[in-house]
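A look at the structure
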Amino acid sequence: MSELLQTVEWEAGRVRLIDQNALPAELKYVELEDWRQCAEAISTMVVRGAPAIGCTAALAMAMAARMLIATDRTLFLQRLETVASALKAARPTAVNLAWAVDRLMRLATETQGTTADLKEVIQETAVAMLQEDVEINRRMGRFGADLLPEQGGVLTHCNAGALATVGYGTALGVIRAAKEQGKQIEVFADETRPRLQGMKLTAWELIREGIKVTLIADNMAAALLQQGKVQCVVVGADRIAANGDTANKIGTCALAIVASHYHVPFYVAAPVSTFDMNLPNGSGIPIEERNPEEITHIAGERIAPVGVQVWNPAFDVTPACLISGFITEQGVLKPPWPDSLASLQTRNSAAT
Ligand code: MRU
(Lines give C-alpha, C1' and ligand atoms only; values in the text may rest on other atoms or scores of the structure.)
Protein backbone atom coordinates (compact mmCIF):
# COMPACT_ATOMS: atom_id res chain seq x y z
CA MET A 1 0.00 0.00 0.00
CA SER A 2 1.39 3.46 -0.94
CA GLU A 3 2.08 6.21 1.53
CA LEU A 4 -1.02 8.34 2.25
CA LEU A 5 -1.24 11.38 0.00
CA GLN A 6 -0.81 14.77 1.67
CA THR A 7 -2.79 17.11 -0.54
CA VAL A 8 -2.18 20.36 1.35
CA GLU A 9 1.02 21.15 3.30
CA TRP A 10 2.65 24.09 5.06
CA GLU A 11 6.39 24.35 4.67
CA ALA A 12 8.32 27.27 6.09
CA GLY A 13 5.72 29.88 5.23
CA ARG A 14 4.77 28.36 1.87
CA VAL A 15 1.77 26.32 0.82
CA ARG A 16 2.52 23.09 -1.03
CA LEU A 17 -0.31 21.52 -3.00
CA ILE A 18 -0.69 18.46 -5.19
CA ASP A 19 -1.50 19.87 -8.62
CA GLN A 20 -4.76 18.01 -9.26
CA ASN A 21 -5.04 19.33 -12.79
CA ALA A 22 -1.92 17.30 -13.66
CA LEU A 23 -3.35 13.97 -12.43
CA PRO A 24 -3.40 11.13 -13.30
CA ALA A 25 -0.59 11.73 -15.82
CA GLU A 26 1.76 13.18 -13.25
CA LEU A 27 1.96 13.52 -9.45
CA LYS A 28 3.48 16.97 -9.11
CA TYR A 29 3.40 19.69 -6.50
CA VAL A 30 3.07 23.45 -6.69
CA GLU A 31 4.52 25.81 -4.09
CA LEU A 32 2.69 29.05 -3.38
CA GLU A 33 4.18 32.07 -1.69
CA ASP A 34 1.25 34.44 -1.59
CA TRP A 35 -2.42 34.27 -0.56
CA ARG A 36 -3.49 35.44 -4.04
CA GLN A 37 -1.82 32.40 -5.58
CA CYS A 38 -3.83 30.25 -3.15
CA ALA A 39 -7.09 31.93 -4.22
CA GLU A 40 -6.14 31.30 -7.86
CA ALA A 41 -5.27 27.64 -7.11
CA ILE A 42 -8.72 27.22 -5.52
CA SER A 43 -10.65 28.80 -8.40
CA THR A 44 -8.68 26.96 -11.11
CA MET A 45 -9.06 23.69 -9.17
CA VAL A 46 -5.38 22.95 -8.70
CA VAL A 47 -6.80 22.14 -5.28
CA ARG A 48 -10.44 21.07 -5.01
CA GLY A 49 -12.78 19.19 -2.68
CA ALA A 50 -14.53 21.00 0.17
CA PRO A 51 -12.15 20.25 3.09
CA ALA A 52 -9.00 20.70 0.95
CA ILE A 53 -10.05 24.14 -0.23
CA GLY A 54 -11.01 25.09 3.34
CA CYS A 55 -7.55 24.16 4.62
CA THR A 56 -5.81 25.89 1.70
CA ALA A 57 -7.80 29.04 2.43
CA ALA A 58 -6.81 28.82 6.11
CA LEU A 59 -3.13 28.71 5.15
CA ALA A 60 -3.71 31.59 2.72
CA MET A 61 -5.08 33.61 5.65
CA ALA A 62 -1.92 32.81 7.61
CA MET A 63 0.24 33.93 4.67
CA ALA A 64 -1.73 37.13 4.26
CA ALA A 65 -1.52 37.88 7.98
CA ARG A 66 2.27 37.39 7.97
CA MET A 67 2.69 39.81 5.09
CA LEU A 68 0.23 42.47 6.24
CA ILE A 69 1.90 45.71 7.12
CA ALA A 70 -0.34 47.32 9.70
CA THR A 71 0.94 48.23 13.13
CA ASP A 72 -2.52 49.32 14.13
CA ARG A 73 -4.73 46.39 15.17
CA THR A 74 -7.96 47.82 13.69
CA LEU A 75 -6.31 48.40 10.33
CA PHE A 76 -4.80 44.90 10.44
CA LEU A 77 -8.22 43.34 11.01
CA GLN A 78 -9.79 45.47 8.26
CA ARG A 79 -7.14 44.40 5.76
CA LEU A 80 -7.43 40.77 6.79
CA GLU A 81 -11.20 40.97 6.30
CA THR A 82 -10.60 42.09 2.69
CA VAL A 83 -8.43 39.02 2.14
CA ALA A 84 -11.07 36.81 3.79
CA SER A 85 -13.78 38.10 1.42
CA ALA A 86 -11.61 37.53 -1.66
CA LEU A 87 -10.81 33.97 -0.57
CA LYS A 88 -14.46 33.17 0.14
CA ALA A 89 -15.38 34.32 -3.38
CA ALA A 90 -12.91 31.87 -4.98
CA ARG A 91 -15.49 29.05 -4.89
CA PRO A 92 -18.94 29.72 -3.47
CA THR A 93 -20.66 26.36 -2.86
CA ALA A 94 -18.37 24.47 -0.47
CA VAL A 95 -19.07 26.01 2.92
CA ASN A 96 -15.82 24.63 4.37
CA LEU A 97 -14.03 27.51 2.66
CA ALA A 98 -16.11 30.17 4.41
CA TRP A 99 -16.04 28.11 7.61
CA ALA A 100 -12.23 28.03 7.72
CA VAL A 101 -11.78 31.68 6.84
CA ASP A 102 -14.48 32.85 9.27
CA ARG A 103 -13.01 30.71 12.05
CA LEU A 104 -9.64 32.47 11.69
CA MET A 105 -11.22 35.90 11.33
CA ARG A 106 -13.22 35.30 14.51
CA LEU A 107 -10.10 34.09 16.31
CA ALA A 108 -8.16 37.19 15.23
CA THR A 109 -10.94 39.48 16.38
CA GLU A 110 -11.25 37.77 19.77
CA THR A 111 -7.50 37.50 20.48
CA GLN A 112 -6.06 40.24 22.68
CA GLY A 113 -2.58 41.54 21.95
CA THR A 114 -0.44 43.10 19.27
CA THR A 115 -0.63 42.45 15.53
CA ALA A 116 2.42 40.17 16.00
CA ASP A 117 0.39 38.09 18.49
CA LEU A 118 -2.50 37.89 16.04
CA LYS A 119 -0.21 36.75 13.21
CA GLU A 120 1.18 34.01 15.41
CA VAL A 121 -2.17 32.69 16.59
CA ILE A 122 -3.62 32.71 13.06
CA GLN A 123 -0.68 30.72 11.70
CA GLU A 124 -0.67 28.22 14.57
CA THR A 125 -4.39 27.56 14.18
CA ALA A 126 -4.30 27.33 10.38
CA VAL A 127 -1.47 24.79 10.49
CA ALA A 128 -3.22 22.81 13.24
CA MET A 129 -6.31 22.58 11.01
CA LEU A 130 -4.39 20.31 8.63
CA GLN A 131 -3.81 17.63 11.25
CA GLU A 132 -7.33 18.16 12.58
CA ASP A 133 -8.72 17.43 9.11
CA VAL A 134 -6.93 14.07 8.84
CA GLU A 135 -8.02 13.07 12.36
CA ILE A 136 -11.65 13.99 11.60
CA ASN A 137 -11.55 11.89 8.42
CA ARG A 138 -10.17 8.91 10.30
CA ARG A 139 -12.93 9.21 12.91
CA MET A 140 -15.56 9.43 10.18
CA GLY A 141 -14.00 6.42 8.50
CA ARG A 142 -14.34 4.32 11.64
CA PHE A 143 -18.01 5.26 12.10
CA GLY A 144 -18.86 4.81 8.43
CA ALA A 145 -17.06 1.51 7.89
CA ASP A 146 -19.70 -0.28 9.99
CA LEU A 147 -22.35 0.68 7.42
CA LEU A 148 -20.55 -0.98 4.53
CA PRO A 149 -21.27 -4.61 3.64
CA GLU A 150 -18.77 -7.37 4.60
CA GLN A 151 -18.50 -8.01 0.91
CA GLY A 152 -19.90 -6.13 -2.08
CA GLY A 153 -19.93 -3.12 -4.34
CA VAL A 154 -19.84 0.52 -3.25
CA LEU A 155 -20.55 3.29 -5.73
CA THR A 156 -18.99 6.72 -5.24
CA HIS A 157 -19.14 9.95 -7.21
CA CYS A 158 -16.58 12.65 -7.96
CA ASN A 159 -13.59 12.49 -5.61
CA ALA A 160 -14.14 12.62 -1.87
CA GLY A 161 -10.78 11.05 -1.08
CA ALA A 162 -7.38 12.07 0.22
CA LEU A 163 -7.19 14.46 -2.72
CA ALA A 164 -10.35 16.29 -1.61
CA THR A 165 -9.09 16.68 1.95
CA VAL A 166 -5.68 17.07 3.58
CA GLY A 167 -5.42 13.27 3.63
CA TYR A 168 -7.44 10.03 4.01
CA GLY A 169 -10.75 11.39 2.68
CA THR A 170 -14.43 11.46 3.60
CA ALA A 171 -16.34 9.00 1.38
CA LEU A 172 -13.11 7.25 0.36
CA GLY A 173 -12.00 7.43 4.01
CA VAL A 174 -15.02 5.29 4.89
CA ILE A 175 -14.03 2.83 2.16
CA ARG A 176 -10.39 2.85 3.36
CA ALA A 177 -11.50 2.16 6.93
CA ALA A 178 -13.75 -0.72 5.77
CA LYS A 179 -10.81 -2.21 3.88
CA GLU A 180 -8.61 -1.79 6.98
CA GLN A 181 -11.26 -3.81 8.88
CA GLY A 182 -10.90 -6.59 6.31
CA LYS A 183 -14.12 -6.00 4.39
CA GLN A 184 -14.12 -7.19 0.76
CA ILE A 185 -15.18 -4.02 -1.03
CA GLU A 186 -15.17 -3.33 -4.74
CA VAL A 187 -15.51 0.35 -5.56
CA PHE A 188 -17.38 1.59 -8.61
CA ALA A 189 -16.25 5.09 -9.58
CA ASP A 190 -18.23 7.06 -12.11
CA GLU A 191 -16.40 9.39 -14.46
CA THR A 192 -18.08 12.54 -13.10
CA ARG A 193 -18.53 14.68 -16.15
CA PRO A 194 -17.60 17.36 -16.95
CA ARG A 195 -14.26 17.53 -15.10
CA LEU A 196 -13.91 13.77 -14.62
CA GLN A 197 -12.78 13.78 -10.99
CA GLY A 198 -14.12 10.23 -10.59
CA MET A 199 -12.02 8.89 -13.43
CA LYS A 200 -8.94 11.05 -13.05
CA LEU A 201 -8.69 11.29 -9.27
CA THR A 202 -10.76 8.61 -7.50
CA ALA A 203 -9.69 5.77 -9.80
CA TRP A 204 -6.05 6.92 -9.58
CA GLU A 205 -6.14 7.24 -5.79
CA LEU A 206 -7.68 3.78 -5.29
CA ILE A 207 -5.43 2.00 -7.78
CA ARG A 208 -2.43 3.57 -6.04
CA GLU A 209 -3.56 1.92 -2.80
CA GLY A 210 -4.45 -1.42 -4.25
CA ILE A 211 -8.21 -1.01 -3.67
CA LYS A 212 -10.26 -2.71 -6.39
CA VAL A 213 -11.97 -0.08 -8.53
CA THR A 214 -14.11 -0.31 -11.65
CA LEU A 215 -14.76 2.76 -13.77
CA ILE A 216 -18.19 3.45 -15.27
CA ALA A 217 -19.54 6.31 -17.37
CA ASP A 218 -22.05 8.48 -15.52
CA ASN A 219 -25.03 7.14 -17.47
CA MET A 220 -24.32 3.54 -16.37
CA ALA A 221 -25.18 3.91 -12.69
CA ALA A 222 -28.86 2.89 -13.02
CA ALA A 223 -27.96 -0.28 -14.91
CA LEU A 224 -25.29 -1.10 -12.33
CA LEU A 225 -27.76 -0.84 -9.43
CA GLN A 226 -30.47 -2.65 -11.39
CA GLN A 227 -28.10 -5.61 -11.74
CA GLY A 228 -27.48 -5.70 -7.99
CA LYS A 229 -23.77 -4.93 -8.26
CA VAL A 230 -23.91 -2.14 -5.67
CA GLN A 231 -24.84 -2.61 -2.00
CA CYS A 232 -24.43 1.02 -1.01
CA VAL A 233 -23.59 4.48 -2.36
CA VAL A 234 -21.23 6.78 -0.42
CA VAL A 235 -20.51 10.34 -1.49
CA GLY A 236 -19.05 13.51 0.04
CA ALA A 237 -20.71 16.91 0.38
CA ASP A 238 -20.00 20.57 -0.17
CA ARG A 239 -22.76 22.07 1.95
CA ILE A 240 -25.55 20.53 4.01
CA ALA A 241 -28.52 22.66 5.06
CA ALA A 242 -30.18 22.35 8.49
CA ASN A 243 -32.90 20.06 7.09
CA GLY A 244 -30.34 17.71 5.50
CA ASP A 245 -30.61 18.87 1.87
CA THR A 246 -27.11 18.28 0.51
CA ALA A 247 -25.11 20.04 -2.19
CA ASN A 248 -22.47 17.88 -3.82
CA LYS A 249 -20.93 17.42 -7.26
CA ILE A 250 -23.42 17.63 -10.11
CA GLY A 251 -24.91 14.19 -10.69
CA THR A 252 -25.20 13.29 -7.01
CA CYS A 253 -28.95 13.90 -6.95
CA ALA A 254 -29.47 11.56 -9.91
CA LEU A 255 -27.56 8.81 -8.08
CA ALA A 256 -29.67 9.33 -4.95
CA ILE A 257 -32.86 8.97 -6.99
CA VAL A 258 -31.59 5.78 -8.61
CA ALA A 259 -30.45 4.39 -5.22
CA SER A 260 -33.85 5.12 -3.70
CA HIS A 261 -35.60 3.38 -6.62
CA TYR A 262 -33.51 0.22 -6.18
CA HIS A 263 -33.59 0.35 -2.34
CA VAL A 264 -29.83 0.78 -2.06
CA PRO A 265 -28.70 2.87 0.96
CA PHE A 266 -27.30 6.29 0.05
CA TYR A 267 -24.83 7.75 2.57
CA VAL A 268 -23.20 11.18 2.75
CA ALA A 269 -19.83 11.37 4.56
CA ALA A 270 -18.98 14.90 5.67
CA PRO A 271 -17.33 16.67 8.59
CA VAL A 272 -19.39 18.95 10.81
CA SER A 273 -17.74 21.94 9.07
CA THR A 274 -19.80 21.07 5.95
CA PHE A 275 -23.12 21.63 7.77
CA ASP A 276 -24.53 25.11 7.29
CA MET A 277 -27.14 25.40 10.02
CA ASN A 278 -27.85 28.98 8.92
CA LEU A 279 -29.68 27.64 5.89
CA PRO A 280 -33.07 26.06 6.66
CA ASN A 281 -33.04 24.07 3.42
CA GLY A 282 -31.08 23.50 0.21
CA SER A 283 -32.83 26.20 -1.83
CA GLY A 284 -30.50 28.80 -0.30
CA ILE A 285 -27.25 27.02 -1.24
CA PRO A 286 -25.32 29.06 -3.83
CA ILE A 287 -24.50 26.84 -6.81
CA GLU A 288 -21.32 27.65 -8.68
CA GLU A 289 -21.64 27.78 -12.48
CA ARG A 290 -18.39 27.15 -14.29
CA ASN A 291 -16.90 27.85 -17.69
CA PRO A 292 -18.93 26.35 -20.61
CA GLU A 293 -15.67 25.00 -22.04
CA GLU A 294 -15.70 22.31 -19.34
CA ILE A 295 -18.60 20.81 -21.34
CA THR A 296 -17.91 21.84 -24.93
CA HIS A 297 -14.26 20.74 -24.83
CA ILE A 298 -12.61 17.45 -23.87
CA ALA A 299 -8.88 17.51 -23.13
CA GLY A 300 -8.63 20.96 -24.70
CA GLU A 301 -10.38 19.97 -27.93
CA ARG A 302 -13.75 21.38 -28.93
CA ILE A 303 -16.31 18.55 -29.32
CA ALA A 304 -19.59 20.50 -29.24
CA PRO A 305 -20.80 22.51 -32.23
CA VAL A 306 -19.93 26.20 -32.18
CA GLY A 307 -22.93 28.30 -31.15
CA VAL A 308 -24.56 25.78 -28.77
CA GLN A 309 -25.75 27.12 -25.41
CA VAL A 310 -24.32 25.50 -22.29
CA TRP A 311 -25.61 25.14 -18.71
CA ASN A 312 -22.79 24.06 -16.39
CA PRO A 313 -23.70 23.99 -12.69
CA ALA A 314 -20.86 22.41 -10.71
CA PHE A 315 -23.16 21.06 -7.97
CA ASP A 316 -26.70 19.90 -7.36
CA VAL A 317 -28.81 19.57 -4.23
CA THR A 318 -30.01 16.14 -3.12
CA PRO A 319 -33.22 16.36 -1.07
CA ALA A 320 -32.76 15.06 2.47
CA CYS A 321 -35.55 12.48 1.99
CA LEU A 322 -33.25 10.52 -0.35
CA ILE A 323 -30.40 10.30 2.18
CA SER A 324 -30.11 7.17 4.37
CA GLY A 325 -27.51 8.61 6.74
CA PHE A 326 -24.85 11.25 7.36
CA ILE A 327 -21.44 9.94 8.44
CA THR A 328 -19.73 12.61 10.54
CA GLU A 329 -16.84 12.69 13.03
CA GLN A 330 -19.51 12.80 15.76
CA GLY A 331 -21.14 9.59 14.59
CA VAL A 332 -23.73 8.43 12.07
CA LEU A 333 -26.97 10.37 11.88
CA LYS A 334 -30.06 8.60 10.61
CA PRO A 335 -33.53 9.96 9.67
CA PRO A 336 -35.92 11.44 10.60
CA TRP A 337 -34.55 14.73 9.33
CA PRO A 338 -34.20 17.43 10.45
CA ASP A 339 -34.60 16.23 14.05
CA SER A 340 -31.48 14.05 14.19
CA LEU A 341 -29.34 16.86 12.72
CA ALA A 342 -30.20 19.07 15.66
CA SER A 343 -27.96 16.85 17.83
CA LEU A 344 -24.81 17.94 15.95
CA GLN A 345 -22.32 19.99 17.93
CA THR A 346 -21.68 22.76 15.42
CA ARG A 347 -19.42 24.98 17.52
CA ASN A 348 -16.87 26.60 15.22
CA SER A 349 -19.05 25.57 12.28
CA ALA A 350 -20.73 27.77 9.71
CA ALA A 351 -23.64 28.02 12.12
CA THR A 352 -21.71 29.94 14.73
O1 MRU B 1 -15.68 20.63 -7.83
P2 MRU B 1 -14.97 19.78 -6.82
O3 MRU B 1 -14.08 18.76 -7.42
O4 MRU B 1 -14.30 20.62 -5.75
O5 MRU B 1 -16.15 19.00 -6.11
C6 MRU B 1 -15.85 18.14 -5.07
C7 MRU B 1 -17.04 17.44 -4.54
O8 MRU B 1 -18.15 17.65 -4.95
C9 MRU B 1 -16.79 16.53 -3.38
O10 MRU B 1 -17.68 15.46 -3.40
C11 MRU B 1 -17.00 17.33 -2.08
O12 MRU B 1 -16.25 18.50 -2.08
C13 MRU B 1 -16.66 16.53 -0.88
S14 MRU B 1 -14.95 16.27 -0.77
C15 MRU B 1 -14.58 15.45 0.63
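Since the model is a prediction, treat every value here as computed from it, not as a measurement.

**Focus: the overall build of the protein**
A count of helical and extended segments in the protein gives 10 helices and 16 strands. At 20 Å, the protein has a C-alpha radius of gyration in line with the 20 Å of a compact globule built from 352 residues. Dimensions of the protein, computed from the C-alpha atoms along their principal axes, are close to 65 × 50 × 40 Å. With 352 residues in all, the protein has 56% of them scored as buried.

**Brief notes about the confidence of the model for the protein**
Averaged over all residues, the pLDDT of the protein equals 96, while 98% of them reach at least 70. With pLDDT under 50 throughout, residues 348-352 is counted as low confidence; its partners more than four residues away or in other chains account for 17 contacts.

**Notes on the packing of aromatic side chains**
All told, the structure shown has 2 aromatic pairs when counted by the stated rule. With 5.6 Å between their ring centres and 70° between their planes, Phe275 and Phe326 make a pair best called edge-to-face. Placement of Phe275 in strand β11 (residues 275-276) and of Phe326 in strand β15 (residues 325-328) is noted, with a sequence separation of 51 residues between them. Grouping residues by exposure puts Phe275 and Phe326 together as buried.

**Examining the site of the ligand**
Around the ligand, a shell composed of 18 residues is seen, among which Arg48, Arg91, Asp238, Asn248 and Lys249 lie nearest. For the ligand, an oxygen atom lies 2.9 Å from a polar atom in the backbone of Gly49. Note that an oxygen atom of the ligand is positioned 2.8 Å from one of the side-chain N or O atoms of Arg91. Taking 410 Å² as the accessible area of the ligand by itself, protein coverage stands at 99%. Elements supplying a minimum of two residues to the shell around the ligand: α2 (50-67) and β9 (246-249). Along the lines of polarity and charge, the residues of the shell around the ligand split into 8 nonpolar, 6 polar and 4 charged. Lining the shell around the ligand are residues from two domains, each supplying at least three of them: domain 1 (8-138) and domain 2 (139-351).

**Remarks on the pairing of strand β6 (residues 213-216)**
Direction of pairing for strand β5 (residues 184-190) relative to β6: parallel, over a ladder of 4 bridges. In the strand pairing of β6, Asp190 is matched with Ile216.

**What about helix α5 (residues 115-145)?**
Note on helix geometry: an α-helix contains 3.6 residues per turn, so any two residues three or four positions apart are oriented the same way. Helix length check: α5, at 31 residues, gives a terminal C-alpha distance of 45 Å against a target of 45 Å (1.5 Å per residue), a fit within 8%. The sharpest bend along α5 measures roughly 25° and falls at Leu130.

**Concerning the layout of surface pockets**
Its boundaries defined by the atoms lining it, the largest pocket holds a volume of some 480 Å³. Taken together, 19 residues form the lining of the largest pocket, with Pro194, Arg195, Lys200, Glu294 and Ala299 sitting closest to its centre. Looking at the lining of the largest pocket, the elements that each hand over two or more residues are α7 (197-208), α10 (293-296) and β12 (297-298). Here the residues of the lining of the largest pocket sort into 7 nonpolar, 6 polar and 6 charged. When residues of the lining of the largest pocket are assigned to domains, at least three map to each of domain 1 (8-138) and domain 2 (139-351).

**Re the nonpolar core**
Looking at soluble globular proteins, one finds that nonpolar side chains tend to be buried together. Within the largest apolar cluster, 49 residues are counted, with the highest numbers of intra-cluster contacts made by Met61, Phe76 and Leu80. Broken down by element, this core gets its largest block of residues, 13 residues, from α2. Those residues within four positions of Phe76 in sequence are excluded, and the remaining contacts are Ala65, Leu68, Ala70, Thr115, Leu118, Lys119 and Ile122.

**Quick notes on the sheet that holds β9**
On the basis of which strands lie adjacent, the open sheet formed by 4 strands has the order β11-β8-β9-β14 and mixed pairing. Because the sheet does not close on itself, it has two edges, and the strands there are β11 and β14 (315-318). Of the pairings in the sheet, the one linking strand β8 (residues 239-241) to β9 comprises 2 bridges and is antiparallel in character. Counted as the bridge partner of Ile240 is Thr246 from β9. Helix α9 (residues 252-261) contacts β9 and β14 of the sheet and is inclined by roughly 35° relative to β14.

Thresholds applied
Residues numbered from 1 in each chain as written. Predicted model: local features only at pLDDT ≥ 70, side-chain atom pairs only at ≥ 80, totals over all residues. Heavy atoms only, no water. Helix = DSSP H or I, 4+ residues; strand = E, 2+ residues; numbered from the N terminus. Rg over C-alpha atoms; globule rule 2.2 N^0.38 Å. Buried < 20%, exposed > 50% of the residue type's maximum accessible area, 1.4 Å probe, protein only. pLDDT = per-residue confidence, 0-100. Contact = heavy atoms within 4.5 Å. Phe/Tyr/Trp six-rings, centres within 6.5 Å; stacked < 30°, edge-to-face > 60°. Near = heavy atom within 4 Å. Polar contact = N/O pair within 3.5 Å; in protein donor to acceptor, adjacent residues only side chain to side chain. Areas by Shrake-Rupley, 256 points an atom, 1.4 Å probe, with all protein chains shown as cover. Nonpolar A, V, L, I, M, F, W, Y, C, P; charged D, E, K, R; others polar. Domains from an automatic or database assignment. Pairing = 2+ DSSP bridges. Expected span 1.5 Å × (residues − 1). Bend = angle between axes of the 7 residues up to and from the residue. 1 Å grid on protein atoms, 1.4 Å probe; cavity = no way out; pocket = protein on both sides within 12 Å on 5 of 7 lines; lining within 4 Å. Points joined across faces, edges and corners; volume = space filled by probe spheres on them. Core = buried A, V, L, I, M, F, W, Y, C linked by side-chain atoms within 4.5 Å. Axes fitted to C-alpha atoms, helices over the stretch in contact; angles between N-to-C directions.

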